[in-house]
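Residue-level structure breakdown
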Amino acid sequence: METGSVWLRRMRAGASSVFLMKPPTLSSSAQTLFMNPYHYLRPSFFQPLNPPPVTFLSIFSPTSRPLSTTTRSAPNSVISFDDFCSDAGNCVDGNVSPQKKGSKVLLKGMRYPELQQWVQSHGFRSGQALMLWKRLYGNNIWAHCIDEMEGLNKDFKKMLSEHAEFKALSLKDIYTASDGTKKILFTLDDGLVIETVIIPCDRGRTTVCVSSQVGCAMNCQMGLKRHLTTAEIVEQAVFARRLLSSEVGFNFKCCIYGPALYCQYTLLICSIWFHEGMGEPLHNVGNVLKASDIMVHEQGLHFSPHKVTVSTSGLVPQLKQFLHESNCALAVSLNATTDEVRNWIMPINRKYKLGLLLETLREELRFKHNYKVLFEYVMLAGINDSMDDAKRLVDLVQGIPCKINLISFNPHSGSQFRPTSEEKIIEFRNVLAEAGCVVFLRLSRGDDQMAACGQLGKPGAIQAPLLRVPEQFQTAINTSL
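Residues numbered from 1 in each chain as written. Predicted model: local features only at pLDDT ≥ 70, side-chain atom pairs only at ≥ 80, totals over all residues. Heavy atoms only, no water.

Details of the overall build of the protein chain
The following threshold applies: Think of it this way: any DSSP run of H or I at least four residues long counts as a helix, any run of E at least two long counts as a strand, and we number them from the N terminus. Per-residue accessibility, obtained with a 1.4 Å probe over protein chains only, is compared with the maximum for each type, and a residue is labelled buried under 20%, exposed over 50%, and partly exposed between these values. Any two residues whose heavy atoms approach within 4.5 Å at even a single point are treated as in contact.
The helix and strand tally for the protein chain stands at twelve helices and 21 strands. Going through the 481 residues of the protein chain one by one, you find that 50% of them count as buried. Taking contacts inside the protein chain between residues at least 6 apart in sequence as the whole, the part at least 24 apart equals 66%.

Have a look at this one:
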């Protein structure tokens, strides 16, 4: 083996990928490093509390990649919900075939078979499509310009420069909260701005929340401006992975044992969320399905389908379509245990009642093996946090394979609600747990930079009307004001 060359072999150990590497010539000091021979088979979040010292080696290329900070003109006017849909449940997805930017095709707007067909239509073999795909999403390159397409045929690169566009977004700004949460602002070609949030975890499992729309049509104060294209959605995840890699390098944990160098590799980003606070994902179901397919492709970003979660407020027809066409995870924002309350805080319930939503899930999940829906329940003081609500919630989810996520409400401008106290959230959780429900608590993250759940987006010029407060909740709302 030549000096400086590296030999790798991937092994699977639980949820982590493990690489065995035969190192180049090592210094005598590095040769003395010793660890447990079985250390490399253990995922990073199972490390002992007091592990022995270890040298961290990075094989990330030090080459820097400039980030575009192009700004655009003022945003377009707000488009009403009716401009996109005949009703709340039947949205016109628009064209989800290969998307274009000017006369060029957006590469990140195509699934792999579409990319293969497009490459072949220009007279090149399908193997070059795979090489291109890996440079876009794999091989730790995540290319966003033709100059980063090393190793491709010269004629193929020329064709790409003439007919393909790599970027759908321009970086506008990045804000970092005190807990490490990052809010990234992107400018679109039409001047509109979207947000992506990167939420770090102390166990190394970072989550990225991506936008699927500019604004939201579900009676949000932002109003809906337009759907995002597949490329605009996918590029958020690609940019996030690229950004974290450039900041901290690939998360390789290496140690010397015997004649070989054993390395454990843990993805910097382990999960993707399509949240409603960044648009209603299933309102843009065609592009969301396509984007999630690209994210889980085994030759590309290669996220586990269980780690790509699409959240919805309850668009029943699109929910059924999603469950039929995707193996990615589903989260449903429940937030109430009666139609009266849900009609008020989630107006989509007026079209798709709680009973219909839950019965649809109960029926559809019968045909999906080892699949659980995640119910999200934002705790609102005096509105949906009583012990009677907890007992009703237990009854509502009977017969549905599920987990329940209790979320502390994040106050924001224009909101009528207050967060439930921590003590009451725990009491609510205990009622669910004692009844046999799998329940989690989600703590607020990034709220000092308005990056927490419910705090994203900017109110539009045309705002949705505030809905009438049911009489029995007037006291709770007046107290919050």
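Here's the deal with the pairing of strand β10 (residues 193-199)
Heads up, the condition is: Two strands are said to pair when DSSP picks up at least two bridges between them.
The buried count for β10 comes to five of seven residues, which makes it a mostly enclosed element. For strand β9 (residues 182-187) and β10, the ladder comprises six bridges, and the chain directions are antiparallel. Opposite leucine 185, over in β10, you have glutamate 195 as the bridge partner. Here three bridges tie β10 to strand β11 (residues 206-210), and the two strands are oriented antiparallel to one another. Following the sheet pairing, isoleucine 199 is matched in β11 by threonine 207.

Concerning the pattern of salt bridges
Going by this rule: Throughout this description, the term salt bridge denotes a Lys or Arg side-chain nitrogen within 4 Å of a carboxyl oxygen of Asp or Glu.
Applying the stated rule across the entire model yields eleven salt bridges. Note that arginine 111 is salt-bridged to aspartate 293, the shortest N-O span being 2.8 Å. With arginine 111 in the loop between β6 (104-106) and α2 (112-121) and aspartate 293 in helix α6 (residues 285-296), this residue pair connects regions lying 182 residues apart in the sequence. Looking at arginine 111, the relative accessible area reads 27%, which means it is partly exposed. Taking the relative accessible area as the measure of exposure, aspartate 293 reaches 28% and is therefore partly exposed. A salt bridge links lysine 290 to glutamate 114, with the shortest nitrogen-to-oxygen separation between them at 3.3 Å.

Some words on the pairing of strand β8 (residues 170-176)
Pairing geometry for β8 and β9, over six bridges, is antiparallel. Bridge pairing in β9 places isoleucine 174 opposite isoleucine 184. Taking the residues between adjacent antiparallel strands as the criterion, β8 and β9 are bridged by five residues, where glycine 180 takes a positive phi near 95°.

Concerning unusual backbone geometry
Unlike most non-glycine residues, asparagine 335 shows phi in positive territory, near 65°. Along the chain, asparagine 335 turns up in the loop between β18 (329-333) and α8 (339-345).

What about the side chain of glutamine 236?
Along the chain, glutamine 236 turns up in helix α5 (residues 230-248). Once residues within four sequence positions are removed from consideration, glutamine 236 is found in contact with Leu169, Phe186, Ile194, Glu195, Thr196, Val210, Ser211 and Leu228.

Some points on the environment of methionine 149
Note on placement: methionine 149 falls in the loop between α3 (126-137) and α4 (154-163). Discounting chain neighbours no more than four positions away, the residues touching methionine 149 are Leu132, Arg135, Leu136, Ala143, Lys157 and Phe166.

What about the packing of aromatic side chains?
To keep it simple, the criterion reads: Each pair of aromatic rings taken from Phe, Tyr and Trp, with Trp reduced to its six-membered ring, is defined by centres within 6.5 Å and is described as stacked if the planes are under 30 degrees apart, edge-to-face if over 60, and tilted in the remaining cases. In this analysis the charged atom, NZ for Lys or CZ for Arg, is taken to sit over a ring once it is within 6 Å of the ring centre and within 35 degrees of the ring normal.
Using the criterion set out here, one finds seven aromatic pairs in the structure. Ring geometry for tryptophan 133 and tyrosine 137: centres 4.7 Å apart, planes at 65°, overall edge-to-face. Remark: tyrosine 137 and tryptophan 133 occur in helix α3; sequence separation between them is four residues, near one turn of the helix. The pair tryptophan 133 / tyrosine 137 is uniform in exposure class, with both members buried. Chaining the aromatic ring pairs together yields one cluster made of Tyr112, Trp133 and Tyr137. Above the ring of tyrosine 371, the side-chain terminus of lysine 368 is found at 4.9 Å from the ring centroid.

Some remarks on helix α9 (residues 354-364)
What counts here: The directions considered for the arc run from the helix axis to the C-beta atoms.
Every buried residue of α9 is listed here: Leu354, Leu357, Leu358, Thr360, Leu361 and Glu364. Take α9 and look down its axis: the buried residues cluster within an arc of 155°, on one side only. Packed against the buried residues of α9 are α7 (316-325), β18, α8, β19 (373-379) and α10 (387-396).

Focus: the nonpolar core
The condition is simple: In these notes, a set of buried Ala, Val, Leu, Ile, Met, Phe, Trp, Tyr and Cys residues joined through side-chain atoms within 4.5 Å is what counts as a nonpolar core.
Grouped together as the largest cluster of nonpolar side chains are 98 residues, with contacts concentrated most on Trp118, Ile272, Phe274, Phe375 and Leu432. Looking at this core, the element that brings in the most residues is α5, giving eight residues. Those residues in contact with tryptophan 118 that sit more than four places away from it in its chain are Val105, Leu107, Met110, Met159, Leu160, His163 and Ala164.

So, the sheet that holds strand β21 (residues 439-442)
How we decide: For helices, the axis comes from a line fit to the C-alpha atoms of the stretch in contact; other axes are also lines fit to C-alpha atoms, and the angle between any two N-to-C directions lies between 0 and 180 degrees.
Within the open sheet, the ten strands sit side by side as β8-β9-β10-β11-β16-β17-β18-β19-β20-β21. Their pairing is mixed. Strands at the two margins of the open sheet, each flanked by one partner only, are β8 and β21. In this sheet, adjacent strand axes meet at a mean angle of 25° when their direction is disregarded. When β11 meets strand β16 (residues 269-274), the two strands line up parallel, connected through five bridges. Bridge pairing in β16 places threonine 206 opposite isoleucine 269. This element, α7, spans β17 (308-312) and β18 of the sheet and lies at about 160° to β18.

What about the packing of α2 against α3?
Our working definition: By definition in this entry, angles of less than 35 degrees are roughly parallel, angles greater than 145 are roughly antiparallel, angles of 65 to 115 are roughly perpendicular, and the rest are oblique. When the near helix sits turned anticlockwise from the far one by under a right angle, the crossing is termed left-handed; a clockwise turn instead gives a right-handed crossing. Note that Gly is not counted as nonpolar here; it falls among the polar residues with everything else outside the nonpolar set of Ala, Val, Leu, Ile, Met, Phe, Trp, Tyr, Cys and Pro and the charged set of Asp, Glu, Lys and Arg.
Two elements in contact, α2 and α3, have axes separated by 8 Å at closest approach and are oriented at 125°. On the basis of the axis angle, α2 is oblique to α3. Crossing geometry of α2 relative to α3 is assigned as right-handed. Mapping the contact onto sequence places Tyr112, Leu115, Gln116, Val119 and Gln120 in α2 and Ser126, Ala129, Leu130, Leu132 and Trp133 in α3. Residues belonging to the contact of α2 with α3 are distributed by class as follows: seven nonpolar, three polar and no charged.

Here's the deal with the confidence of the model for the protein chain
Residues shown with low pLDDT carry predicted positions that ought not to be read at fine detail. How we decide: Confidence scores labelled pLDDT are given residue by residue by the predictor and lie between 0 and 100.
When the pLDDT values of the protein chain are averaged, the result is 75; 65% of them are 70 or greater. Ignoring residues within four places in sequence, the model shows residues 1-96, a span with pLDDT below 50, making 176 contacts including any to other chains. Low pLDDT, under 50, characterises residues 249-267; the predicted model gives this stretch 78 contacts beyond four residues in sequence or across chains.

Some points on the side chain of threonine 360
With respect to the secondary-structure elements, threonine 360 resides in helix α9. The exposure class assigned to threonine 360 is buried, which follows from its relative accessible area of 10%. Setting aside residues no more than four positions away along its own chain, threonine 360 makes contact with Val316, Leu319 and Lys320.

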